[in-house]
Amino acid sequence: MTKQSLTPNLQSPISNYWALVAILLIAAAFRFAAIGDAPPGWRDDELIEFDMDRRIVQGWRPLFIAEAEGHEPFYHYLHAATIALFGENRVGYKWLPFAFGVASVALTFALARRMFDARVAVLAAALMAISFWPVMYARLGLRHIGVVPLMLGAFCLLYPRPLTASKLQASKSKIPNSLAAGLLLGAALMTYFAGRALPLILAGFLAYLLVFHRAALRRVWLHDVAAIVLAVVIAAPMFVEIGRTPGAEKRTEVVGGPFIAALRGDLRPALETTLGTLGMFTFAGDPESLYNVPGRPVFDGLAGLCFYVGVLWCLVRIKQMGSGFALVWLLVGIAPAFVSVPAASFSHTIAAQPVVYMLAAYGAVEAVAWIANRAVGQQARAWSFGAVSLLLVTVSAALTLRDYFGAWAGDPFVRFQYHAPTRDIARWLDQEAAVTDVAIGTHPNYLSLDPLALELDLVREGVMARWFSPETTLLIPLNGVLIFSSTQAPGSDVHPWIESLRNESILRKLGSAPGGPEAYAVNSDIWQPIDPHGVLATFGDSIGLLGGGATETSAAPGDRVSVLTIWLLVKPPPASVLKSFVHVLDAQNQVVAGDDRFDVNVSSLRPGDYIGQFSSLTLPAGLASGRYQIEVGLYYPETGVRLTAADGGDRALINPIEVTAP
């Protein structure tokens, strides 16, 4: 094998850089275009992380974030800076992943050019620019994307220069390169769990050099080790904090089932996830609809074939440094998915993302060269490469447009998971300037997250929004408008009483866009069933109980009973989270049936708001006939402490229920 084949040509005509400029513009378009429609809204994790970032802006300084199964802090600090710079809005939150996504394309070009040649670099960067997997993560606000440019930057600094480079130049550049690479590796370790694979990739590469390139190992090992040590030192305070944090191992317990099983001697789960991960490139990719069209592989058939050719070519040319590094990088980069769930997770394998596209590009380049050298003349070789590259990129781009911007973003379940109905409400409110006082019905799991989603999407100011779950609750603002999201419109997962109000014209529809939210004006007769004697008790000096009782005056043992309680907010509540209790009591004042709930976002309430809360209780099968009292009150769910009324009591009695045994 010639020296030239062992040291790839790093010289490239200026046209390659113009090609890179064009690729970066295309990458920006795929990351910035239609940002309000794909993703169709905000993912839960984005909203949770945004809250973390906002607290950092306000002065919080965590070394490790124990919330949400544990978060490394570096990306959150960067995100906090962009939010402080651009504001708490879609631009402030999305700018950083957009920028990291575009930077990853440029750095993929730089590293692939060093590992292979300019043709591989151009094609790898083009595939990174338009492919589903990189586009998906660059359009999310999550910290996963932060690992990629940090990793690529460190690898660019540490990858051995060609043997033809000046030794004097190398000696001057390696020390600052090692320092910079160590800083980048440390930042990656403090960004996302997958960043912990990076030192292992470098260690694996040093082992490869020990076998195949000892001369190169002698030149670079000290600098690589220094970078790894510096990275570990930088991240050490975070790891110490993780060790001190109770429950910090929770993420491993959640996703690392196969790993835990393997430690116990059961290798079957790890074998299954390993096989599933190895098939992610052309057979079945990430099964989660959060980040993929479920099961969609990384590549289509043609690009997948090029990927396998690239892997095979690297195995054949294992002694070429670029080939060896690519194989080590690929294997270690996808290894976390071997022992975690789900198999083929695009999140857990994100450290391998750039090299996957490099290998596809390398396979395409080498396959075209092999065929062209035998079937066409040397002059037609460049045209053949251009035609195949154009075909690969065009097909991949078309599939991304179809699958990401079309099938995935428009999928009803994805829209639900990404709070798309709340974005629809924000758009409607932006068009209805006269509507400022609203109560919004949403899914019960989204009562705490939807308010932040609306805040981020709403352009105009001055909208006062309350939130409730219409499956069990109706919240009416004093002089406002009632809005149901498209997933919670009347007739769909709402309490039958609310649907009956619409049929009786007590809820008067104001109009809605097709598939969008439904808005209603409220007739004042809605609260006619309220006990006319006024407030029975005011708990915590803020929330008054107006009355209530079972919707049926009598029931049989074993029946499921619905109890309606009517509340009035007198002044801002004493806590952001409250629950009500509804208990059926026997003659000895013992609880025989009960239900605890308060399906509203308490912190969103305003004085004058009315809340109708339906509780559901099942009477014991052996309950004796008789009249049973019903007690009602409020308490703090974190402590169980009840709110008290002016008379010092912590409960009120509402209309009793008659139980008639057969």
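Everything below is about the structure shown above.
Keep in mind that what you see is a predicted model, and the values were worked out from it rather than measured. (Residues numbered from 1 in each chain as written. Predicted model: local features only at pLDDT ≥ 70, side-chain atom pairs only at ≥ 80, totals over all residues. Heavy atoms only, no water.)

A. Seen up close, the overall build of the protein. Check the secondary structure of the protein and you find 22 helices and 15 strands. Per-residue burial for the protein yields a buried fraction of 54% across its 662 residues. Of all intrachain contacts in the protein linking residues separated by at least 6 positions in sequence, the fraction that spans at least 24 positions is 75%. Total accessible area on the protein stands at roughly 27,900 Å², and carbon and sulfur atoms take up 61% of it. (Helix = DSSP H or I, 4+ residues; strand = E, 2+ residues; numbered from the N terminus. Buried < 20%, exposed > 50% of the residue type's maximum accessible area, 1.4 Å probe, protein only. Contact = heavy atoms within 4.5 Å. Areas by Shrake-Rupley, 256 points an atom, 1.4 Å probe, with all protein chains shown as cover.)

B. Quick look at the environment of Pro 607. For Pro 607, the position within the fold is in the loop between strand E12 (591-597) and strand E13 (610-618). Along the sequence, Pro 607 and Pro 477 sit 130 residues apart, while their C-alpha atoms lie 8.9 Å from each other. Not counting chain neighbours up to four residues away, the residues in contact with Pro 607 comprise Leu 569, Val 570, Lys 571 and Pro 572.

C. Broad picture of helix H14 (residues 268-278). Along H14, the residues classified as buried are Pro 269, Ala 270, Thr 273, Thr 274 and Thr 277. Seen end-on, H14 carries its buried residues on one side only, within an arc spanning 130°. Exposed and facing more than 90 degrees away from the buried side of H14 are Arg 268, Leu 271 and Leu 275. Those residues of H14 hidden inside the fold are in contact with helix H13 (257-263) and helix H16 (321-334). (Arc of directions from axis to C-beta.)

D. The arrangement of a nonpolar patch on the surface in detail. Taken together, the side chains of Ile 14, Tyr 17, Trp 18, Val 21 and Leu 25 make up a nonpolar region of the molecular surface, amounting to roughly 570 Å² of accessible area. As for its position among the elements, Trp 18 is in helix H2 (residues 14-32). For Trp 18, a relative accessible area of 60% puts it in the exposed group. (Patch = residues over 30% accessible without salt bridge, like charges linked within 9 Å, V, L, I, M, F, W, Y side chains within 5 Å. Salt bridge = Lys/Arg side-chain N within 4 Å of Asp/Glu carboxyl O.)

E. Local environment of unusual backbone geometry. For the bond from Ala 38 to Pro 39, the omega torsion is -5°, close enough to zero to count as cis. Mapped onto the fold, Pro 39 is located in the loop between H2 and helix H3 (44-57). In this structure, Pro 342 follows Val 341 across a cis peptide bond, with omega equal to 0°. Relative to the elements of secondary structure, Pro 342 occurs in the loop between H16 and helix H17 (353-375). Even without glycine at this site, Asp 541 takes up a positive phi of about 60°. Within the secondary structure layout, Asp 541 lies in the loop between strand E7 (537-539) and strand E8 (543-550). Positive phi, close to 65°, is recorded for Asn 589, a residue that is not glycine. Tracing the backbone shows Asn 589 in the loop between strand E11 (579-585) and E12.

F. The sheet that holds E13, seen in detail. The strand order across the open sheet built from 5 strands is E3-E13-E10-E8-E7, with neighbouring strands paired in antiparallel fashion. Strand pairing shows two members of the sheet lacking a second neighbour, strand E3 (473-476) and E7, which therefore form its edges. Here the average twist between neighbouring strands, direction ignored, is 30°. Of the strand pairs in this sheet, E3 and E13 are connected by 4 bridges, and their pairing is antiparallel. Its bridge partner lying in E13, Thr 473 is registered against Gln 613. (Pairing = 2+ DSSP bridges. Axes fitted to C-alpha atoms, helices over the stretch in contact; angles between N-to-C directions.)

G. Layout of the side chain of Arg 296. Considering the arrangement of structural elements, one finds Arg 296 in the loop between H14 and helix H15 (301-316). There is a polar contact of 2.7 Å between the side chain of Arg 296 and the side chain of Asp 403. Non-local contacts of Arg 296, meaning those with residues more than four positions away in its chain, are made with Phe 132, Gly 285, Asp 286, Phe 346, Leu 399, Thr 400 and Asp 403. (Polar contact = N/O pair within 3.5 Å; in protein donor to acceptor, adjacent residues only side chain to side chain.)

H. Quick peek at the pattern of salt bridges. Tallied over the entire structure, the rule returns 26 salt bridges. For the salt bridge of Glu 67 with Arg 55, the shortest nitrogen-to-oxygen distance reads 2.7 Å. Of this pair, Glu 67 sits in the loop between H3 and helix H4 (74-86) while Arg 55 sits in helix H3, and the two are 12 residues apart along the sequence. Between Arg 423 and Asp 457 there is a salt bridge, with its nearest N and O atoms 3.1 Å apart. Of this pair, Arg 423 sits in helix H20 (residues 420-431) while Asp 457 is found in helix H21 (residues 450-457), placing the two residues 34 residues apart along the sequence. Classification of Arg 423 by relative accessible area gives buried; the value is 2%. Within the structure, one salt-bridge network assembled from shared partners comprises Glu 49, Glu 72, Arg 143 and Arg 196.

I. Representation of the sheet that holds E12 in the model. Strand order across the open sheet formed by 5 strands is E9-E15-E14-E11-E12, with mixed pairing between neighbours. A strand with exactly one partner marks an edge of an open sheet, and here the two such strands are strand E9 (554-555) and E12. Alignment of E11 against E12, held across 6 bridges, turns out to be antiparallel. Within the sheet, the bridge partner assigned to Val 582 lies in E12 and is Asp 595.

J. Geometry of the environment of Ser 603. With respect to the element layout, Ser 603 can be found in the loop between E12 and E13. With 29 residues separating them in the primary sequence, Ser 603 and Pro 574 have C-alpha atoms 9.2 Å apart. Among the polar contacts made by the side chain of Ser 603, one reaches the side chain of Asn 601 at a distance of 2.6 Å.

K. Molecular detail of the packing of H15 against H16. At their nearest, the axes of H15 and H16 sit 8 Å apart, and the two run at 120° to each other. When the axis of H15 is compared with that of H16, the two are oblique. Two packed elements cross with a definite hand, and for H15 against H16 that hand is left-handed. On H16, the residues that touch Phe 307, Val 311, Cys 314 and Leu 315 of H15 are Ser 323, Ala 326, Leu 327 and Leu 330. Of the residues contributing to the contact of H15 with H16, the split by class is 7 nonpolar, 1 polar and no charged. (Parallel < 35°, antiparallel > 145°, perpendicular 65-115°, else oblique. Left-handed = near helix turned anticlockwise from the far one by under 90°. Nonpolar A, V, L, I, M, F, W, Y, C, P; charged D, E, K, R; others polar.)

L. Layout of the packing of aromatic side chains. Here the structure, examined in full by the defined rule, presents 34 aromatic pairs. Taken together, a centroid distance of 5.7 Å and an interplanar angle of 80° make the contact between Phe 132 and Tyr 404 edge-to-face. Pair noted here: Phe 132 is in helix H7 (residues 132-138) and Tyr 404 is in helix H18 (residues 378-410), with a separation of 272 residues, a long-range link. Overall, the relative accessible area of 0% leaves Tyr 404 in the buried class. The structure contains a cluster of three or more aromatic residues connected by ring pairs, namely Trp 133, Phe 281, Phe 299, Phe 307, Tyr 308, Phe 346 and Tyr 357. Residue placement shows Arg 642 over the ring face of Phe 581; its charged tip is 4.0 Å from the ring centre. (Phe/Tyr/Trp six-rings, centres within 6.5 Å; stacked < 30°, edge-to-face > 60°. Lys NZ or Arg CZ within 6 Å of the ring centre and 35° of its normal.)

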